[in-house]
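Here's the letter readout for the chains.
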Amino acid sequence: MFNASEVQPSLVRRPVPPERLDFLSREILALKKSMNAVVLAHNYQVPEIQDVADFVGDSLGLSQQAAKTEADVIVFCGVHFMAETAKILNPSKKVILPDLDAGCSLEASCPAPKLKALQDTNPNFYTIAYINCSAEVKALSDCIVTSGNAVKIVEHAPKGRDLLFVPDENLGGWVMEQTGRPMTLWKGDCYVHVEWTHQAITRIRQQFPGAPVVAHPECPKAVRMLADEVCSTEKMVQWCRKTSAVDIIIATEAGMLHRLKKECPGKNFIPAPTDRCACNECRFMKMNTLEKLHACMQQGGPEVVLSPEIIARARRPIERMLEISALPMENAG
Ligand code: 13P
Ligand code: SF4
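The structure displayed is predicted, hence computed values, not measured ones.

A. View of the overall build of the chain. Within the chain, the regular secondary structure consists of 16 helices and twelve strands. In summary, the chain has a C-alpha radius of gyration of 19 Å against a globular reference of 20 Å for 333 residues, a match within 12%. Principal axes of the C-alpha set define a box for the chain whose edges measure 60 × 55 × 40 Å. Counting the 333 residues in the chain, one finds 57% classified as buried. For the chain, the share of sequence-separated contacts (at least 6 apart) that also reach a separation of at least 24 residues comes to 66%. By element, 54% of the accessible surface of the chain is carried by carbon and sulfur atoms, the whole surface being about 14300 Å².

Next up, the structure:
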């Protein structure tokens, strides 16, 4: 199981000096052309990476982009499991990422052999895996979900089966609340999102009484209950664009604020505080820097490598997710 005490606080990053930022950004754009590469970046990436990416989005949007890209090389700025997903969808393409060690506490909480042992206790399990898991876990699953489509996919799951949801207990709990479908939940969590507490959110609400709270479903139930909206990072952009509120409290990883400020000018985004500190940065997401992105494009690596057998087995549950996601709502249940 992932041990939160092993997580080092994120290092204070020194801002990239403007001349260096300009130089690296121009080089990256030139490399994209010469390599016929596409740069995909998650909403939690540092602003300077988001600004040179071809697409910035949530896990669902990134998988959809990876599935349809015609580029020869996919440069994935996110965490390792996201780059693996892109590789599974594009076995013949080269997928590179700035830092191979960019993991995820959820992925670490669910080793494939442990999942297999649990599955063996009940042949009627239908395994739904949050995309934040390894390729080996995806290969053992029936369908993948992201926070953006989990409710729809659970509603679509076969009725006579016992649903097993891995590895995020909080996302799974939220999906059960939304769908009314009971599920066995794996006991994993995101070490960033569990830092938010009922107390801390109550305090910031008192400071900004009119401001709605938008929280990611990886937050604990006590926080989700206080939120005006619980949704994936991409849906946060849509929700914040539509609301008439100007001040909005955001309970998710800090990188999201850059995207929100860009997409919703004139609004004031307040990062929800935690009880202990400003722990709202994912140290894994923040392993990627503009320097490392540049270096990985210049060197053509590190590269994601997966066995053809794992790719073949992990591909079907991801494709099933993409197919169900694309269904109109009334056909999805
Ligand atoms: P989204 O798919 O909502 O962007 O979430 C990914 C993630 O890792 C959240 O911690
Ligand atoms: Fe994993 Fe949490 Fe980081 Fe998302 S924010 S990549 S769930 S550790």
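B. Molecular detail of the site of ligand 2. Contacts to ligand 2 come from Tyr44, Val79, Cys104, Ser105, Leu106, Asn132, Cys190, Tyr191, Glu218, Cys282, Phe284 and Met285. Classifying every residue of the shell around ligand 2 by side-chain character gives nine nonpolar, two polar and one charged.

C. View of the sheet that holds strand β12 (residues 268-271). The parallel open sheet is built from four strands, whose spatial order is β10-β9-β11-β12. The sheet is open, and its two borders are formed by β10 (229-230) and β12, each paired with just one other strand. Relative to strand β11 (residues 247-251), strand β9 (residues 213-215) runs parallel, the two being bridged by three bridges. Bridging across to β11, Val213 finds its partner in Ile249. Across the sheet, helix α10 (residues 198-207) lies against β9, β11 and β12, angled at about 170° from β11, the strand it touches most. The sheet strands contacting helix α13 (residues 256-263) are β11 and β12, and the helix crosses β12 at an angle near 170°.

D. Structural detail: the pattern of salt bridges. In this structure the tally under the stated criterion is 19 salt bridges. Where Glu169 meets Lys187, a salt bridge forms, and the shortest distance between an N and an O atom there is 3.0 Å. Remark: Lys187 occurs in the loop between β8 (183-185) and α10 and Glu169 occurs in helix α9 (residues 169-179); sequence separation between them is 18 residues. Glu169 sits in the partly exposed class, given a relative accessible area of 31%. Residue classification places Lys187 among the exposed positions, given a relative accessible area of 57%.

E. Focus on the side chain of Arg224. Take Arg224: it is sitting in helix α11 (residues 221-224). At 2.8 Å, the side chain of Arg224 forms a polar contact with the side chain of Glu177. Among residues more than four places away in sequence, those in contact with Arg224 are Asn170, Gly173, Trp174, Glu177, Pro217, Cys219 and Val230.

F. Molecular detail of the environment of Ala312. Positionally, Ala312 belongs in helix α15 (residues 308-326). Ala312 sits in the exposed class, given a relative accessible area of 53%. Separated by 173 residues in the primary sequence, Ala312 and Ala139 have C-alpha atoms spaced 8.1 Å apart.

G. Region of interest: the site of ligand 1. As a matter of local geometry, ligand 1 sits amid His42, Tyr44, Asp58, Ser59, Tyr130, Asn132, Ser147, His193, His216, Glu218, Ser232 and Thr233. Here His42 contributes a side-chain N or O atom positioned 2.6 Å from an oxygen atom of ligand 1. Asn132 places a side-chain nitrogen or oxygen 3.2 Å from an oxygen atom of ligand 1. Each residue belonging to the shell around ligand 1 can be placed in one class, and the counts come to two nonpolar, eight polar and two charged.

H. Main features of the pairing of β11. Taking burial as the measure, the five residues of β11 include four buried ones, the bulk of the element. For β11 and β12, the ladder comprises four bridges, and the chain directions are parallel. Bridge pairing in β12 places Asp247 opposite Asn268. On the question of chirality, the crossover connecting β11 to the parallel β12 by way of α13 is right-handed.

I. Representation of the nonpolar core. Ranked by size, the top nonpolar core spans 96 residues in total, and within it Ile250 and Met321 carry the most contacts. The biggest single contributor to this core is α15, with seven residues. Aside from chain neighbours lying at most four places away, what touches Met321 is Leu60, Ser63, Ile131, Cys143, Ile144, Val145, Thr146, Asn149 and Ile153. Counting 20 residues, the second largest nonpolar core, distinct from the first, contains Leu24, Ile28, Ile96 and Cys296.

J. Structural view of the sheet that holds strand β5 (residues 125-130). Strand order in the open sheet formed by four strands is β6-β5-β7-β8, with parallel pairing between adjacent strands. Looking at the sheet topology across the chains shown, the edges are occupied by β6 (143-145) and β8. The mean angle between the axes of side-by-side strands here comes to 30°, regardless of whether they run parallel or antiparallel. With three bridges connecting them, strand β7 (residues 162-166) and β8 associate as parallel partners. For Leu164, the partnering residue across the bridge sits in β8 and is Thr184. Across the sheet, α15 touches β5 and β6, and the angle it forms with β6 is around 60°.

Cut-offs and rules
Residues numbered from 1 in each chain as written. Chains lettered and ligands numbered in written order. Predicted model: local features only at pLDDT ≥ 70, side-chain atom pairs only at ≥ 80, totals over all residues. Heavy atoms only, no water. Helix = DSSP H or I, 4+ residues; strand = E, 2+ residues; numbered from the N terminus. Rg over C-alpha atoms; globule rule 2.2 N^0.38 Å. Buried < 20%, exposed > 50% of the residue type's maximum accessible area, 1.4 Å probe, protein only. Contact = heavy atoms within 4.5 Å. Areas by Shrake-Rupley, 256 points an atom, 1.4 Å probe, with all protein chains shown as cover. Near = heavy atom within 4 Å. Nonpolar A, V, L, I, M, F, W, Y, C, P; charged D, E, K, R; others polar. Pairing = 2+ DSSP bridges. Axes fitted to C-alpha atoms, helices over the stretch in contact; angles between N-to-C directions. Salt bridge = Lys/Arg side-chain N within 4 Å of Asp/Glu carboxyl O. Polar contact = N/O pair within 3.5 Å; in protein donor to acceptor, adjacent residues only side chain to side chain. Right-handed = clockwise from strand over helix to strand, strands pointing away. Core = buried A, V, L, I, M, F, W, Y, C linked by side-chain atoms within 4.5 Å.

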